[in-house]
Amino acid sequence: MSAEQENLTERKTLDDRAKMTELERLRHSAAHVMATAILRLWPEAQFAAGPPVENGFYYDVDLKHRISPEDFPTIEAEMKKEIKANNVFEKIVVTREQALKDSESGRLGGLTERPGNPSKFKIGNLEAIPEGEQITYFKNGDFVDLCAGPHVMRTGNIGAFKLTSVASAYYKGDERNPQLQRIYGTAFKNKTQLDEYFKMIEEAKRRDHRKIGAEMGLFAIDTEYVGPGLPLWLPKGTAIVEELEKLAKETEFAAGYVRVKTPHIAREKMYKTSGHLPYYAESMFPPMELHEAPKGDSDLSKLKGVFSEDNKRIYEQNRSSVDSIFKSSGDSIEGKVEQLFDALTKEDQIKVKMQFATGLVWDNVETGVERYYLKAMNCPHHHRIFAAEPHSYRDLPLRLAEYGTCYRYEQSGELFGLMRVRSLNMNDAHIYCTPEQFAAEFNAVNEMYLKYFKIFGIEKYVMRFSTHSAEGLGKKYVDEPALWKQTEDMVRQVLIDSKIPYVEVPNEAAFYGPKIDVQVWSVIGREFTLATNQVDFAVPRKFGLVYRDKDNTDKTPLCIHRAPLGTHERFIGFLIEHYAGNFPLWLAPEQVRVMTIGEEEPLVNYAKAIVNELRANFVRCESDFSSNKINGKIQEAEQAKVHTMLVIGGRDMDAGNVSVRLHGKGNVGAKPKGEVVADILAAIKERRA
């Protein structure tokens, strides 16, 4: 999460605060202790917000002195004094008038009153507290701050802490507001947990997918010629991409999915119909404007633009009038449109003029411009595939799968290696089903996740079940309270029945239905959002999608959006860090390297035959028959993280053997050539860990 995103997080309600974990309370308390320490060093400091965040806490401060990591030991020493003092975190209830008075005197966010230095940010924070909500301070020692809590009992309950970094952030995330210094830190119950956390941080740096990706030659991001956030997959990275796609295709074929392909662009109308425009426009690339009127016939084409697809009947019924009016010369486009209106029936005049009045087609008439967008999501295209053919209940469930490429305009400051990109290859699918089929389909998707977790050695995971809020209906969410309750109850019951661990998070659903975010943890304990599983009861109806039911009536299907492997970009970024680049054999960019001890022709021919046999079975096998010493060859292969090394000397050849080495494990001994090849092929086919 970026600093700006943290600033834009919605203010926590009192209910949200009551649900804060013990560790979050400890870190929130540590933020107050940090502010206490900074004020003892710089009494003029002005504080804004100081919440707990993922992996720690921060406090925003306005201070002429530029705090740097060199200041951290001094601040930490003052923090230790406050912790040793073991002061109580005292909750004080006040009136709004008293809080305003204390803000103006500079007392809030300070150790004493500060005449001439009012607590300007606390006045802004006070305005954000709804009328009727209790206003409270929390006091530890001399420090008093406007705060709803909660905190630990005493400052001495903060076991171990460390300041970590400093950044810049605008007050309340608005660039029109003052820029503040954001001081980050983390805290734990004891020093052992703190030390383990920093060991994990160091290990995470060693496993950074950007560093390992460059060392292994997996991908490149060419900001100068291609653009930021648009990764180029190099040959070795492409091997991983294709292995994942192969895994998904095999799994989905066995589960009854059918594959489809869709274009990378679509007309503006589709995204307006789906509801993504205008609400999702900031995350989409700007539209391409195409002038579609043919030369020499532009006026006629512009006139035809008056008629939307809904009004084709009007054009067909008045074709002769339209053609004759627009073949005539002398009048402007507006004048010809007026002549056209005179030729229409009164009812059709009203219909067409209403379209002009609402602006639905006037841009087309005047400019002949058609807007197309780069595809930001696959679902609208898949909805149109469903609509392309009639369906009955016998055809459902219909599971449409595609590795579709999508494009999203992420802000430049949020781009991060493969984790946040602008070009995404998505393991996407949409399941159209009846309400009666929903539970089985939703559960089958969850079971697919569990299968993938086993393959990749993901042992810790949780489903994050996001629901709507009643207050957001008609604004943030589709205004269908009955359908929200029905689908949320269905999802909740599936999770309960399947005994899959989940947590329920209110007010974070998709705009068209409840969703599940799949949270997984890597082997070093880093949390990662793998993918989403969403229910859609609204958009299929917008597109008029129907199936003929048993009672011979048309009904709208439910749609499940699912992407168990997420995108290649994010998932491969996760896997690089999860495996530290040491991929299992089936996924390794270079699976096998055959090396000879010497250059004698019979020996090289023996080795080449093994290479050819492996490559004939689509094993990514390379060779090193150079005159370099074998120790150097092995070292190069180890550095390249080649999974299996086959070392062949004269004695191996004479015995029909090969000596096998595994990356990071060393020599595992000489074995018969046929046995080694068979084991390699079996390990790849079975996708062994």
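Above this text you will find the structure in question.
Only a predicted model underlies this, so the values are computations on that prediction, with no experimental measurement involved.

Q: Sorry if this is basic, but what is going on with the pattern of salt bridges here?
A: Working definition: two side chains of opposite charge can pair if their charged atoms are close together. As enumerated under the stated definition, the model contains 41 salt bridges in all. D195 is paired through a salt bridge with K191; the nearest N and O atoms lie 2.9 Å apart. Within this pair, D195 and its partner K191 are both found in helix α7 (residues 191–206), separated by 4 residues, close to a single helical turn. Residue D195 is classed as partly exposed on the basis of its relative accessible area, which comes to 32%. Here D554 makes a salt bridge to R548, at a shortest N to O gap of 2.7 Å. Taken together, the shared-partner salt bridges in this structure form one network comprising R40, E78, K81 and E82.

Q: I keep staring at the sheet that holds strand β4 (residues 90–94) and nothing clicks. Help me out?
A: In any sheet, the strands associate via hydrogen bonds between backbone groups, in a parallel or an antiparallel arrangement. Taken together, the 3 strands give an open sheet; going across it, the order is β4-β5-β6, and neighbouring strands pair in antiparallel fashion. Looking at the sheet topology across the chains shown, the edges are occupied by β4 and β6 (143–146). Here the average twist between neighbouring strands, direction ignored, is 25 degrees. Where β4 meets strand β5 (residues 135–140), 5 bridges bridge the pair, whose relative direction is antiparallel. Bridged to K91 within β5 is F138. Lying over the sheet, helix α5 (residues 96–104) contacts β4 and β5, oriented at roughly 50 degrees with respect to β5.

Q: Where do I start with helix α18 (residues 435–456) in this structure?
A: In a regular helix each residue adds 1.5 Å, so 22 residues correspond to 32 Å; α18 covers 33 Å between its end C-alpha atoms and thus fits that length. Taken as a whole, α18 has its buried residues at F438, E441, F442, V445, N446, M448, Y449, Y452, F453, I455 and F456. Positive backbone phi, approximately 70 degrees, marks G457, located one or two places after α18.

Q: Just to check I follow, could you spell out the packing of α18 against helix α19 (residues 481–498) for this structure?
A: Angle between the axes and distance between the axes are the two parameters that describe a pair of packed helices. Between α18 and α19, the shortest axis-to-axis distance is 10 Å and the interhelical angle comes to 50 degrees. In terms of their interaxial angle, α18 and α19 are classed as oblique. Note on packing geometry: the crossing formed by α18 with α19 is right-handed. Residues P435, F438, A439, F442, N443 and N446 of α18 pack against M490, V491, V494, L495 and S498 of α19.

Q: What am I meant to see in the pairing of strand β16 (residues 423–433) here?
A: When you tally the buried positions in β16, you get 11 out of 11 residues, the bulk of the element. Neither face of β16 is open: one carries S423, N425, N427, A429, I431 and C433, the other L424, M426, D428, H430 and Y432, and all of them are buried. As paired elements, strand β15 (residues 398–407) and β16 share 10 bridges and run antiparallel to each other. Bridge pairing in β16 links T405 to N425. Of the pairings in the sheet, the one linking β16 to strand β23 (residues 558–562) comprises 5 bridges and is antiparallel in character. Paired with Y432 across the two strands is C559, which belongs to β23.

Q: Can you help me understand the nonpolar core in this one?
A: As a rule of thumb, nonpolar side chains are buried together in soluble globular proteins. With 105 residues, the main nonpolar core has F456, F583, V594 and L646 as its most contacted residues. Excluding residues within four positions of it along the chain, F583 makes contact with M216, L218, I240, L575, I576, A588, P589 and H643. Grouped together as the second largest cluster of nonpolar side chains are 32 residues, A35, A45, F57 and L163 included.

Q: Would you take a moment to explain the side chain of Q591 for this structure?
A: Mapped onto the secondary structure, Q591 falls in the loop between α21 (568–579) and β24 (592–596). Only 2.7 Å separates the side chain of Q591 from the backbone nitrogen of R620, close enough to count as a polar contact. In this view, Q591 contacts E243, L585, W586, F618, V619, R620, V642, H643, T644 and I684; residues no more than four positions away in its chain are not counted.

Q: When you look at the packing of aromatic side chains in this model, what are you seeing that I'm missing?
A: The tally for this structure, following the rule as stated, stands at 21 aromatic pairs. A ring pair is formed by Y271 and Y373, whose centres lie 6.2 Å apart and whose planes are at 80 degrees; its orientation type is edge-to-face. A residue pair is termed long-range when its members are at least 10 positions apart, and Y271 in helix α10 (residues 268–274) and Y373 in strand β14 (residues 369–374) qualify at 102 residues. Each member of the pair, Y271 as well as Y373, is classed as buried. Taken together, the aromatic side chains of F456, F528, F571, F574 and W586 make up a single cluster linked through ring pairs. The ring of F188 carries the charged tip of R27 above its face, separated from the ring centre by 4.7 Å. Between R687 and the ring centre of W586, over which it is positioned, the NZ or CZ distance is 5.4 Å.

Q: What is the right way to look at the sheet that holds β16 in this model?
A: Spatially, the 8 strands line up as an open sheet ordered β11-β15-β16-β23-β20-β19-β17-β18, and their pairing is mixed. Each of the sheet's edge strands pairs with one partner strand only, and the pair in question is β11 (258–259) and β18 (502–505). Relative to β23, strand β20 (residues 527–536) runs antiparallel, the two sharing 4 bridges. When the sheet's bridge partners are listed, V535 is paired in β23 with I560.

Q: Before we go on, may I ask you to explain a nonpolar patch on the surface in this structure?
A: Together, Y225, V226 and L232 make up an exposed nonpolar region whose accessible area comes to about 320 Å². As for its position among the elements, V226 is in the loop between β9 (219–220) and β10 (232–233).

Q: So what exactly am I meant to see when it comes to α5 here?
A: Note: α-helices contain 3.6 residues per turn, so residues at a spacing of three or four share the same orientation. Those residues of α5 that sit buried are A99, D102 and S103. Down the axis, α5 shows its buried residues gathered within 105 degrees of arc, on one side only. Turned more than 90 degrees away from the buried face of α5 sit E97 and K101, all of them exposed. In the core, the buried residues of α5 are packed alongside β4, α6 (120–127) and β5. Just downstream of α5 lies G106, where phi reads positive at about 85 degrees.

The rules behind these values
- Residues numbered from 1 in each chain as written.
- Predicted model: local features only at pLDDT ≥ 70, side-chain atom pairs only at ≥ 80, totals over all residues.
- Heavy atoms only, no water.
- Salt bridge = Lys/Arg side-chain N within 4 Å of Asp/Glu carboxyl O.
- Helix = DSSP H or I, 4+ residues; strand = E, 2+ residues; numbered from the N terminus.
- Buried < 20%, exposed > 50% of the residue type's maximum accessible area, 1.4 Å probe, protein only.
- Pairing = 2+ DSSP bridges.
- Axes fitted to C-alpha atoms, helices over the stretch in contact; angles between N-to-C directions.
- Contact = heavy atoms within 4.5 Å.
- Expected span 1.5 Å × (residues − 1).
- Parallel < 35°, antiparallel > 145°, perpendicular 65-115°, else oblique.
- Left-handed = near helix turned anticlockwise from the far one by under 90°.
- Core = buried A, V, L, I, M, F, W, Y, C linked by side-chain atoms within 4.5 Å.
- Polar contact = N/O pair within 3.5 Å; in protein donor to acceptor, adjacent residues only side chain to side chain.
- Phe/Tyr/Trp six-rings, centres within 6.5 Å; stacked < 30°, edge-to-face > 60°.
- Lys NZ or Arg CZ within 6 Å of the ring centre and 35° of its normal.
- Patch = residues over 30% accessible without salt bridge, like charges linked within 9 Å, V, L, I, M, F, W, Y side chains within 5 Å.
- Areas by Shrake-Rupley, 256 points an atom, 1.4 Å probe, with all protein chains shown as cover.
- Arc of directions from axis to C-beta.

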